[in-house]
Amino acid sequence: MDAKDIFIMPMDYVMIPAQIIFSVLAVYFFILGIAGLFQTKSPKNAEPKQVFAVIVPAHNEEMVIGPLVENITTVNYPKELFDVFVIADNATDQTAKIAAEHGAIVYERFDTTQRGKGYALEWFFNILYQLPKKYDAVVILDADNLVDASFLRHMNNRLCDGHKIIQGYIDAKNPLDTWVTASFAMFFWVSNRMLQLARYNLGLCNYLGGTGMAISLDVLREIGWGATSLTEDLEFSLKALLRGYKTTLAFEAIVYDEKPLTFRQAWNQRRRWALGHVQLFRMYSLEFIKQVFIKRRFIYLDATIVSIQPLLVIFMGIFIAISFMDALVVDIYTPIFNKIWPPMLWELVITLQLLNPFLVMWVDNLPRKVFKWIPIHYLLFMYSWIFIVFISFFRKTSEFWSHTLHTRNIGINDITRNR
């Protein structure tokens, strides 16, 4: 046995299982991607009957709150069947005043201890339950959002079809501003179709994305909000699934979200998301693993993969680093892909995953102008997630709710013209 074999053998004890695990995951996400290329189920069109409380948590959002409230109040849904509520949360600017001038019902909240979107929503839900007008569901939007004219109609269709927790399609208001906004937009476009629509088609649980979501008030009363982590949206989906309520997708209900302009802003926002996901990994992963064995349903295995995603990202980063060392420096482990896969199958799986942004933009007829940022910038954006998640494992999860820096107003007509 030569020195090279002595070095390789110990590494194989780690790398051979790692290769098998990542092979299985690659196939799994490949199947998800294929399942997302088509929409297999469409809801029936129902007469408007659901009464919505449209809720907008807003901290110092004076630049964007006016266009949002104006946008919502002009959607294609009976005016008597929805009200717009703005939570001016620890706001020190004109957010409350501007929202009220545009027709919103404004509640101001001042709490410097329990700060953040999750706490603001928890506070307002307790108020909502006591109001004389009774609502069937809440719709939660961010202050920098805009919605499609039929947004509430699509949410009404899903609720009338018996669904209780619904996530809409998250699009971008400003995909062409910078390479960062383009990368963010592509990230959400791919997720909408290759993850969310795929899970919907396969009958799995979808997951709330922080905005453009609707929750039936009877479910909210029954299980409580109780989601105050840095990713309160995903937390509520996981909590609800454990209580027997599956989140579904309204692919037709489009909400436009403003994306950060700079890499630094995007880094800070994604760091907060990663910190929140690490919180949820610690809170829920063991419970979902237990449910896999107790209930033996694939939906809980998929939820387990979602809950342990931060750990998978860390291992993927280590795997990539070792693979680069193996390819560029010295052979330090035994590659098994060519031994456990038919010829070219592994390369096909990886190639199709890299082609996801192009496939999604073609299928959904999305702006082609972002193509120029895919080869380098998009990959930089995606692989930076590894560093963000890695850092998040060693930080305290105590950051407060932050918001995107807004530099201009974008109206729904501006979005339509740029498509």
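Computed from a prediction, not measured in an experiment: that's the story for all the values here. (Residues numbered from 1 in each chain as written. Predicted model: local features only at pLDDT ≥ 70, side-chain atom pairs only at ≥ 80, totals over all residues. Heavy atoms only, no water.)

(A) Seen up close, the pairing of strand 6 (residues 165-172). In terms of burial, strand 6 is largely enclosed, as 8 of its 8 residues are buried. Sheet topology note: the strand 6/strand 7 (residues 213-216) ladder contains 3 bridges and is antiparallel. When the bridges of strand 7 are listed, Ile165 appears paired with Ile215. Taken together, the 8 bridges between strand 6 and strand 8 (residues 247-257) define a ladder with parallel strand orientation. (Buried < 20%, exposed > 50% of the residue type's maximum accessible area, 1.4 Å probe, protein only. Helix = DSSP H or I, 4+ residues; strand = E, 2+ residues; numbered from the N terminus. Pairing = 2+ DSSP bridges.)

(B) Looking closely at helix 6 (residues 179-201). Taking 1.5 Å per residue, 23 residues should reach 33 Å; helix 6 reaches 31 Å between its end C-alpha atoms and fits that length. By the largest-angle criterion, Asn192 marks the main kink of helix 6, which is about 35 degrees. Where burial is concerned, most of helix 6 is hidden: 21 out of the 23 residues are buried. Remark: Gly203 follows helix 6 within two positions and exhibits a positive phi of approximately 80 degrees. (Expected span 1.5 Å × (residues − 1). Bend = angle between axes of the 7 residues up to and from the residue.)

(C) Local environment of the packing of aromatic side chains. On inspection of all chains with the given rule, the structure shows 24 aromatic pairs. On the numbers, 5.6 Å between centres and 35 degrees between planes, the contact of Phe187 with Trp385 is tilted. Linking Phe187 in helix 6 with Trp385 in helix 15 (residues 374-392), this pair joins segments that are 198 residues apart in sequence. In textbook terms, an aromatic cluster arises when at least three aromatic residues are bridged by ring pairs, as seen for Phe184, Phe187, Phe188, Trp273, Phe381 and Trp385. Above the ring of Phe188, the side-chain terminus of Lys259 is found at 3.6 Å from the ring centroid. Between Arg270 and the ring centre of Phe381, over which it is positioned, the NZ or CZ distance is 4.0 Å. (Phe/Tyr/Trp six-rings, centres within 6.5 Å; stacked < 30°, edge-to-face > 60°. Lys NZ or Arg CZ within 6 Å of the ring centre and 35° of its normal.)

(D) Structural context of unusual backbone geometry. Residues other than glycine seldom take positive phi values, yet Arg296 does so here, at roughly 50 degrees. You can see Arg296 is positioned in the loop between helix 9 (263-295) and helix 10 (298-307). The phi dihedral of Asn365 falls on the positive side, at around 55 degrees, and the residue is not glycine. Overall, Asn365 belongs to the exposed group, its relative accessible area being 61%.

(E) Local environment of the environment of Lys133. Here Lys133 shows up in the loop between helix 4 (117-128) and strand 4 (137-140). Sequence separation between Lys133 and Ala53 is 80 residues; the distance between their C-alpha atoms is 9.9 Å. With residues up to four places along the chain from it excluded, the contact list for Lys133 reads Val51, Glu80 and Asp83. (Contact = heavy atoms within 4.5 Å.)

(F) Up close: a positive patch on the surface. Together, Lys41, Lys246, Lys295 and Arg297 line one region of the surface with positive charge. Following the sequence through the fold, Lys246 ends up in the loop between helix 8 (232-242) and strand 8. (Patch = residues over 30% accessible without salt bridge, like charges linked within 9 Å, V, L, I, M, F, W, Y side chains within 5 Å. Areas by Shrake-Rupley, 256 points an atom, 1.4 Å probe, with all protein chains shown as cover. Salt bridge = Lys/Arg side-chain N within 4 Å of Asp/Glu carboxyl O. Lys, Arg positive; Asp, Glu negative; His and termini not counted. Charge placed at Lys NZ, Arg CZ, Asp CG, Glu CD.)

(G) Structural detail: the sheet that holds strand 1 (residues 52-58). One open sheet holds the 8 strands; their spatial order is 3-2-1-4-7-6-8-5, and the pairing between them is mixed. The open sheet is flanked by strand 3 (105-109) and strand 5 (146-147), the only strands paired with a single partner. Sheet topology places strand 4 next to strand 7; 4 bridges connect them, and they run antiparallel. Note that in strand 7 the partner of Ala137 across the bridge is Ser216. Contacting strand 1, strand 2 (82-89) and strand 5, helix 2 (residues 65-73) runs over the sheet at an angle of about 165 degrees to strand 2. (Axes fitted to C-alpha atoms, helices over the stretch in contact; angles between N-to-C directions.)

(H) Spotlight on the nonpolar core. Phe52, Ile65, Leu128, Val138, Leu141 and Phe236 are the most contacted members of the largest nonpolar core, which totals 105 residues. Residue contributions to this core peak at 8 residues, all from helix 9. If near-sequence neighbours (up to four positions away) are discounted, Leu141 is found in contact with Val54, Ile55, Val56, Pro57, Leu68, Ile72, Val147, Phe151, Thr211, Gly212 and Val255. Residues Ala182, Met194, Leu249 and Val360 belong to the second largest nonpolar core, which totals 19 residues. (Core = buried A, V, L, I, M, F, W, Y, C linked by side-chain atoms within 4.5 Å.)

(I) Spotlight on the side chain of Ser216. Position of Ser216 among the secondary structure elements: in strand 7. We classify Ser216 as buried; its relative accessible area is 5%. Non-local contacts of Ser216, meaning those with residues more than four positions away in its chain, are made with Asp136, Ala137, Leu159 and Lys164.

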